[in-house]
Amino acid sequence: MISISLCMIVRDEAAVLARCLDSVGNAVDEMIIVDTGSVDRTRQIAKAYTDKVYDFPWQDDFASARNFSLDRGTKDFLLWMDADDVLPRDSKEKLIEWKQSPSSNATLVMMPYQVAFDESGTCTFSYWRERLIRRSSGLRFQGRVHEAIVPRGTIVHKDIPVKHCKIKTGSSDRNLRIYEKMEREGEIFEPRAQYYYGRELLQHGQWEKACHILEKFLAHPDGWVENKIDGARQLAEARRQLGDWEGELQALLQTLEYDVPRGETCCCLGRYFFERSSYDQASYWYRQALQSKRASYQGAFIEEACYGYLPAIMLCVCCDRMGKRKEAEQWNDLAGYYRPNSEAYQQNRAYFQKRQVQEER
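Reading the values: rules and limits
Along each chain, numbering runs from 1 in the same order as the chain's sequence is written. Given that the model is predicted, a residue must reach a pLDDT of at least 70 before its local features are reported, and side-chain atom pairs must reach 80 or more before they are shown or counted; all residues, however, enter totals for whole chains, interfaces and linings. Where side-chain values are given, they derive from all heavy atoms of the structure, hydrogens and water being excluded. Helix numbering and strand numbering both begin at the N terminus, where a helix is a DSSP run of H or I of at least 4 residues and a strand a DSSP run of E of at least 2. Computation of the radius of gyration draws on C-alpha atoms, with the globule rule given as 2.2 Å multiplied by the number of residues to the power 0.38. We call a residue buried when its accessible area falls under 20% of the maximum for its residue type, exposed when it is over 50%, and partly exposed in between, using a 1.4 Å probe and counting protein chains only. Residue contacts are defined here by distance: any two heavy atoms, one from each residue, within 4.5 Å place the two residues in contact. The protein chains shown are the only cover counted for residues, whose accessible areas, like all others here, come from Shrake-Rupley with a 1.4 Å probe. Positive charges come from Lys and Arg, negative ones from Asp and Glu, while His and the chain ends are left out of the count. Where a charge lies is defined by one atom per residue type: Lys uses NZ, Arg uses CZ, Asp uses CG and Glu uses CD. Being paired, for any two strands, means DSSP has found at least two bridges between them. Handedness of a crossover: with both strands directed away from the viewer, a clockwise path from the first strand across the helix to the second marks it as right-handed. Working rule for helices: expected span equals 1.5 Å times residues minus one. The arc refers to the directions leading from the helix axis to the C-beta atoms. Definition used in this section: a nonpolar core is a set of buried Ala, Val, Leu, Ile, Met, Phe, Trp, Tyr and Cys residues joined via side-chain atoms within 4.5 Å. Lines fitted to C-alpha atoms define the axes, with helix axes restricted to the stretch in contact, and inter-axis angles between N-to-C directions lie between 0 and 180 degrees. Orientation categories follow fixed angle ranges, with anything under 35 degrees roughly parallel, anything over 145 roughly antiparallel, 65 to 115 roughly perpendicular, and all other angles oblique. Left-handed is the label given to a crossing in which the near helix is rotated counterclockwise from the far helix by less than a right angle, and right-handed is the label when the rotation is clockwise. Gly counts as polar in this scheme, as do all residues outside two lists: the nonpolar Ala, Val, Leu, Ile, Met, Phe, Trp, Tyr, Cys and Pro, and the charged Asp, Glu, Lys and Arg. What makes a salt bridge here is a side-chain nitrogen of Lys or Arg within 4 Å of a carboxyl oxygen of Asp or Glu, nothing more.

Enquirer: Would you take a moment to explain the overall build of the protein chain for this structure?
Expert: Along its length, the protein chain carries 14 helices and twelve strands. For 361 residues, the compact-globule estimate of 2.2 N^0.38 gives 21 Å, and the protein chain sits close to it at 23 Å. Projecting the C-alpha coordinates of the protein chain onto the three principal axes gives extents of approximately 75 × 50 × 40 Å. Burial analysis of the protein chain (361 residues in total) assigns 51% to the buried set. Restricting to contacts in the protein chain with at least 6 residues of sequence separation, those with at least 24 account for 66%. Total accessible area on the protein chain is roughly 17600 Å²; 46% of this is exposed by carbon and sulfur atoms. Distance between charge centres in the protein chain, computed from 51 positive and 54 negative side chains, equals 2 Å.

Structure follows, in structure tokens:
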């Protein structure tokens, strides 16, 4: 049987740590918990589950802290999770089943990371992450922020989702502060760090600087293609916020240099034309979104709504604006198929029912 060490870094996670550890339960054979400076009851909670609780002085470097935790694991595979992650019951059963397989030649096991959910609890945003690392492989995290392991060896994809169940509200500026410190100290940003720095700037409303950093990233000859595609979309959004409509469209079309249009890009192009009341052109791109294939196994960020609900609800609006009432109602029905509890779908349904009553009078 395969053995697993759970390796975590935590700080002030008293509100969620027990939930995470309970969800993993007997799916792991060892729990390694590294505290980076908690001032709440995190350490006491951790010690109720394991005696392998360690201190690690925070150094504004997530990779260093994670690697410290990995280095203390003793089992065949090292599983990393954050304190506000949960291993759902079905996932735990699948993980236990995988552990009981006669053997596994995997160097790295990729698992879906579900990070956003709709009103019914259905996942709306996910991507594959390196989740289980063979201890003897020597693979380690890289990057002070948005740390990751560069995949190599035998890579296996297992449909064992981990859910990110954040309860803290607000947007942390911790990652942005680290990037700004790196910049002040003259540290060279490799392409991946440029990409994530641009995203952080965008999320904090620093549109002009986000454009500058993302433009530098996209001009770099290196860089992962999935980051390039998303980076161009992020650049488009920064330019949109600045009112640079021509630049927004240019950035969206730049995504087509890297691969066929993804559902996310098609929806952005649909929105671009919708906002200019070009409903026929907007409809074209929303239809393309419905026909697009997810790049799941390529590690891309997947916005599930862009492959069903969002283009359907927007096609409803576009058709209604163009006077195509019956077709609009059909698109709304499709949106309801994807998200029956959606407020927009229900409001549209009431709108069409009211129109029908008026027309029958």
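Enquirer: Got a minute to help me understand the pairing of strand β1 (residues 4-10) in this structure?
Expert: In summary, the side chains of a regular strand alternate between the two faces of the sheet. With respect to burial, β1 is a largely interior element, seven of its seven residues being buried. Burial along β1 is two-sided: the face carrying I4, L6, M8 and V10 and the face carrying S5, C7 and I9 are both buried. With four bridges joining them, β1 and strand β4 (residues 77-80) adopt parallel strand pairing. Paired with S5 across the two strands is L78, which belongs to β4. Relative to strand β2 (residues 30-35), β1 runs parallel, the two sharing six bridges. By the bridge assignment for β2, L6 is matched with M31. Read as a crossover between parallel neighbours, the route from β1 over helix α1 (residues 17-24) to β2 is right-handed.

Enquirer: Before we go on, may I ask you to explain helix α13 (residues 325-338) in this structure?
Expert: Think of an α-helix as 3.6 residues a turn; residues three or four steps apart then line up on the same face. Its 14 residues place the ends of α13 20 Å apart at the C-alpha level, agreeing with the 20 Å of an ideal helix rising 1.5 Å per residue. Every buried residue of α13 is accounted for by A328, W331, N332, A335 and G336. The arc that holds the buried residues of α13, viewed along the axis, is 150°, so those residues lie on one side. Seen from the open side of α13, the exposed residues pointing more than 90 degrees away from its buried face are K326 and Y337. Buried residues along α13 sit in contact with α11 (279-291), α12 (309-321) and α14 (343-360).

Enquirer: Can you help me understand the nonpolar core in this one?
Expert: Burial of nonpolar side chains together is a common tendency in soluble globular proteins. In terms of nonpolar packing, the biggest core is built from 107 residues, with L6, L95 and L132 touching the most fellow members. The greatest single-element share of this core, amounting to eight residues, is contributed by α12. Ignoring any residue separated from it by four or fewer positions in sequence, one finds L132 in contact with I4, F77, L78, L79, L95, W98, T107, L108, V109 and M111.

Enquirer: Would you mind going over the packing of helix α5 (residues 174-184) against helix α6 (residues 191-203) with me for this structure?
Expert: Helix-helix packing is described using two parameters, namely the angle between the two axes and the distance between the axes. Direction vectors running N to C along α5 and α6 enclose 125°, while the axes themselves pass 10 Å from each other. Here α5 is positioned oblique relative to α6, judged by the angle of their axes. Classified by chirality, the crossing of α6 by α5 is left-handed. Here N175, L176, Y179, E180 and E183 of α5 lie close against α6, whose contacting residues are A193, Y196, Y197, E200 and L201. For the contact of α5 with α6, the class distribution of residues is six nonpolar, one polar and three charged.

Enquirer: Just to check I follow, could you spell out the pattern of salt bridges for this structure?
Expert: Side-chain pairing between opposite charges can occur once the charged atoms of the two side chains come close. Within this structure, the stated rule accounts for 27 salt bridges. Between E237 and R271 there is a salt bridge, with the nearest N and O atoms lying 3.0 Å from each other. Placement of the pair is E237 in helix α8 (residues 225-241) and R271 in helix α10 (residues 263-274), with a sequence separation of 34 residues. Judged by relative accessible area, which is 19%, E237 ranks as buried. Taken together, the shared-partner salt bridges in this structure form one network comprising E237, R240, E248, R271, E275 and R276.

Everything listed is a geometric property; what it means functionally is a separate question.
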